[in-house]
Amino acid sequence: MRSFTSLLQVASLCVGLVSSVWAQSSTAEAYIASESPIAKANLLANIGPSGSKSQGAKAGVVIASPSNTNPNYLFTWTRDSSLVFKAIIDQFVLGLDSSLESQIQNFVTAEQILQQVSNPSGSVSTGGLGEPKFNIDESAFTGAWGRPQRDGPALRATALITWSNWLRNNGGSSTVTGTIWPMIVLDLNYVANNWNQTTFDLWEEVSSSSFFTTSVQHRALREGIILATALGQTSNVASWTTQANNLLCFLQSFWNPTSGYITANTGGGRSGKDANTILASIHTFDPAALCDVTTFQPCSDKALANLKVYTDAFRTIYGINSAVAAGQPVATGRYPEDSYMGGNPWYLATLAVAEQLYDSLIVWNKAGNLNITSTSLPFFQGLANVGTIATGTFSSNSTTFQSVTAAVQLLADGYVDVVAKFTPSGGGLAEQYDRNTGVPVSAVDLTWSYASVLTATMARSGVVGESWGAAGLTTSCSTTGGGGGGGGGGSSGTVAVTFNVQATTVFGENIFLTGSVDQLENWSPTNAIPLSAANYPTWSVTVNLPASTSIQYKYIRINNGQVTWESDPNMQITTPSSGTFTENDTWR
Ligand code: NOJ
Ligand code: NOJ
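Residues numbered from 1 in each chain as written. Chains lettered and ligands numbered in written order. Predicted model: local features only at pLDDT ≥ 70, side-chain atom pairs only at ≥ 80, totals over all residues. Heavy atoms only, no water.

(A) A look at empty space enclosed by the protein. Taken as a whole and assessed by the stated rule, the structure comprises six cavities of 30 Å³ or more. Estimates place the volume of the largest cavity at around 350 Å³. The wall of the largest cavity is formed by 24 residues, among which K86, D90, I282, H283 and E355 lie closest to the centre. Sort the elements by how many residues they give to the lining of the largest cavity and helix α3 (residues 78-93) lands first, with five residues. Class assignment of the residues belonging to the lining of the largest cavity gives a composition of 13 nonpolar, five polar and six charged. (1 Å grid on protein atoms, 1.4 Å probe; cavity = no way out; pocket = protein on both sides within 12 Å on 5 of 7 lines; lining within 4 Å. Points joined across faces, edges and corners; volume = space filled by probe spheres on them. Helix = DSSP H or I, 4+ residues; strand = E, 2+ residues; numbered from the N terminus. Nonpolar A, V, L, I, M, F, W, Y, C, P; charged D, E, K, R; others polar.)

Take a look at the structure:
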């Protein structure tokens, strides 16, 4: 581990975190130094065939946890495995650990097998890629479960693309074209063909649309397009581009402008404040995109406002947070309404908050400035010891920049300190820590908990993975079908029409819009435009429609593929010649 530590130190100097060094927490520093090697070793212990806690797992199979009862996590989840291996692949390709190559090769082999295993979600060509988990001997898990979960193929594609990019630069092109690219194509075609379908969220509970799933699907398609182009394998590029543009449009609808946070799921009947959104931000971080808000980058104003709302949601509900002053770091969990295994804070959720803040520091230091908008102002005003804060752009030599970055560094380290405080001696990390006592609860040695230590550590050190193409993306959100044009501003001759419809829905049911013009998908129920339930029971979407045109439309509700149309007659509007237009309806 000696070379690992020194590399991190060198890297941290390179990105110029120097201005904040004096503000670091020595607890976080010491914890990271001692916990990182433990996390790496315990993570590897959970990977077959020779991991010490993963007997029975095939080569490259990641067990979620060795816990085989209450809860039984002795399975392999595509989400957990892909996030774990993204961290492993990053460590290898960034030169932090050269010992991981055969593990990565085993992962590729295991996932190649798992993709082809027919399961309750279908076969490889009929939806099976959305199956959330498998037995550790690579057979299908056939019990009841929240399926499908459509983040898995996207996360796996992201891990495989990162690996492919390294292989191509290191003499492994034939492995890419012969083995890995066909796997990526399967996963990305699944994403392109199914992103608009209902999915269980990453917590396997809510069947609707999910911000995390939408975000990682968008990322995977974008980097897949870049790799496809580099390989000259362009047959899917047009369709992936169309669907990536659609995903980016849909992603915008999760933002709740009234309350200033990202609503995690369109269904679920909860506040929507959820680690889902923090995890989405860190797992779609692209330093080249700086604080881009369209892709909800970690330092974007919306993502920072959201971080404050999310963390504040846990201040009063956990006993271990009761003595913590406003603005100081707290234990955080999946979502405040959670009751699973007691509904406790999760190590990986608390570390994700730290990681989002470290990512932000990387970008501000790289850009040499930071920007405070009215959207992010509450986040900055909530920082300790920054004095009066107003909106504006602050360059790195300003006192505002220096006091804010120092405060953010301390805050981020403070979240690590929370995890440090509730890590038992020995360094083992379970899934959760008790909301009142802080003792570990639920699955022991959760592989994903260990991966979250590795990724937070890399971010703290200023080590960043490769870009995935987030920089410079724009949305027009005018069409959801149509040929593969890029983004771009709204063209003349169209007007932005907001459709609001009051509709009470049942669990798993979502509202869509379709109608008589291309932009409304020509009455197609399968391509219909999803509405956001951020302000439930009002469902909303804004669509660019031709100006001065008479248009017919209807809302439809879709529940598990079952389509219900509004009653006749069709609804009708005539769009204005310019400007915007809002249509308020009630479901008929
Ligand atoms: C098991 C899932 O893994 C967990 O995320 C969920 O909270 C519980 N089932 C309860 O639905
Ligand atoms: C429950 C979590 O909610 C889910 O995200 C995870 O995939 C499984 N446990 C396995 O760790």
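Read on for the rest.
(B) Quick look at the layout of surface pockets. Reported here for the largest pocket is a volume of approximately 560 Å³. The wall of the largest pocket is formed by 27 residues, among which C249, Q252, S253, V541 and T542 lie closest to the centre. Contributing elements (two or more residues each) for the lining of the largest pocket: α8 (237-252), β11 (494-502), β13 (529-530), β14 (532-535) and β15 (538-546). The residue makeup of the lining of the largest pocket, split by class, is 13 nonpolar, 13 polar and one charged. Formed jointly, the lining of the largest pocket draws a minimum of three residues from each of two domains, domain 2 (69-253) and domain 3 (494-586). (Domains from an automatic or database assignment.)

(C) How the structure looks around the site of ligand 2. Taken together, the neighbourhood of ligand 2 is formed by 13 residues, with Y73, R79, D80, L202 and R334 sitting nearest. R79 places a polar side-chain atom, nitrogen or oxygen, 3.0 Å from an oxygen atom of ligand 2. At 2.7 Å, a side-chain N or O of R334 approaches an oxygen atom of ligand 2. Residues of the shell around ligand 2, tallied by class, amount to eight nonpolar, no polar and five charged. Each of domain 1 (7-44 + 256-466) and domain 2 (69-253) contributes no fewer than three residues to the shell around ligand 2. (Near = heavy atom within 4 Å. Polar contact = N/O pair within 3.5 Å; in protein donor to acceptor, adjacent residues only side chain to side chain.)

(D) Summary view of the pairing of strand β12 (residues 509-515). Burial runs high along β12: seven of the seven residues are buried. Relative to strand β16 (residues 550-559), β12 runs antiparallel, the two being bridged by seven bridges. Bridge pairing in β16 links G515 to Y553. Summarising the sheet, β12 and β13 pair through two bridges and their orientation is antiparallel. Considered in β13, the bridge of F512 is made with P530. (Buried < 20%, exposed > 50% of the residue type's maximum accessible area, 1.4 Å probe, protein only. Pairing = 2+ DSSP bridges.)

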